[in-house]
Amino acid sequence: MGDFINQEISMFLEAAYYGMLMGISYDVLRIFRRVVSHKNVIVYIEDYLFWVVWGIILFALIFNYNDGNIRGYVFVAVLIGGILYLKSFSPFLVKYVSLILGNILTFILKKPLKAVKMFITRLVRKAKKGIKKLNGIPHRKKKEE
């Protein structure tokens, strides 16, 4: 009987751990959405894939411990683990990591792209001025003999 209880407690703790991992992985998705703008269709697809992957992971957990026998406390443990993570670390993690990544993305991509855009704009303006000057020069007429 002791081994059975130990196995059930071990499964409960691992399910709570998986709940925390689920919360972390969803926060990674949330951070990605804050840093890179998404359309609603993409958000729906991401959410669908997230739940399909986590459904498979949780099924594998249940199958490894109980040969697929579903125990209600496994879902309670996953919920507890997810709530513990979401109420403790999640707000800090999502806010500051997305802020840091957003600044890095701005520094690495947006500012250099803005400089390239300004350079190209200046080249186009100079080319337009050059074309206007060429159009303003009177054309020489051929001498008729």
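All of these numbers come straight from a predicted model, not from anything done at the bench.

Looking now at helix 2 (residues 40-66). The end-to-end C-alpha distance of helix 2, which contains 27 residues, comes to 38 Å, matching closely the 39 Å that a straight helix rising 1.5 Å per residue would cover. Residues Val-43, Glu-46, Asp-47, Phe-50, Trp-54, Leu-58, Leu-61, Ile-62, Tyr-65 and Asn-66 constitute the buried set of helix 2. For helix 2, the secondary structure elements touched by its buried residues are helix 1 (2-35) and helix 3 (72-88). Remark: Asp-67 follows helix 2 within two positions and exhibits a positive phi of approximately 55°.

Bringing a nonpolar patch on the surface into the picture now. A cluster of nonpolar side chains, contributed by Phe-92, Tyr-96, Leu-99, Ile-100, Leu-101, Ile-104, Phe-107, Ile-108, Leu-109 and Leu-113, occupies part of the molecular surface with about 1000 Å² of accessible area. Tracing the backbone shows Leu-109 in helix 4 (residues 90-136). Since its relative accessible area comes to 43%, Leu-109 is described here as partly exposed.

This model, assessed by the stated rule, comprises 4 salt bridges. Residue Arg-33 is joined to Glu-46 by a salt bridge in which the shortest nitrogen-to-oxygen separation is 2.8 Å. Taken together, the residues span a long stretch of sequence, with Arg-33 in helix 1 and Glu-46 in helix 2 at a distance of 13 residues. The salt bridge involving Arg-33 is made with Asp-47; its shortest N-O contact spans 2.7 Å. Here Arg-33, found in helix 1, pairs with Asp-47, found in helix 2; they are 14 residues apart in sequence, far enough to count as distant. It is possible to trace a salt-bridge network through shared partners that takes in Arg-33, Glu-46 and Asp-47.

Bringing the packing of helix 1 against helix 2 into the picture now. As a packed pair, helix 1 and helix 2 sit with axes 11 Å apart at the nearest point and diverge in direction by 165°. One finds that helix 1 runs roughly antiparallel with respect to helix 2. In this structure, helix 1 crosses over helix 2, and the sense of that crossing is right-handed.

As a further point, take the nonpolar core. Among the nonpolar cores identified, the biggest contains 15 residues, and Ala-15, Met-22, Leu-58, Leu-61 and Val-74 are the most heavily contacted of them. Of all the secondary structure elements, the ones that give two or more residues to this core are helix 1, helix 2 and helix 3. Not counting residues up to four positions away in its chain, the partners in contact with Ala-15 are Leu-61, Val-74, Ala-77 and Val-78.

So, how was this worked out
Residues numbered from 1 in each chain as written. Predicted model: local features only at pLDDT ≥ 70, side-chain atom pairs only at ≥ 80, totals over all residues. Heavy atoms only, no water. Helix = DSSP H or I, 4+ residues; strand = E, 2+ residues; numbered from the N terminus. Expected span 1.5 Å × (residues − 1). Buried < 20%, exposed > 50% of the residue type's maximum accessible area, 1.4 Å probe, protein only. Contact = heavy atoms within 4.5 Å. Patch = residues over 30% accessible without salt bridge, like charges linked within 9 Å, V, L, I, M, F, W, Y side chains within 5 Å. Areas by Shrake-Rupley, 256 points an atom, 1.4 Å probe, with all protein chains shown as cover. Salt bridge = Lys/Arg side-chain N within 4 Å of Asp/Glu carboxyl O. Axes fitted to C-alpha atoms, helices over the stretch in contact; angles between N-to-C directions. Parallel < 35°, antiparallel > 145°, perpendicular 65-115°, else oblique. Left-handed = near helix turned anticlockwise from the far one by under 90°. Core = buried A, V, L, I, M, F, W, Y, C linked by side-chain atoms within 4.5 Å.

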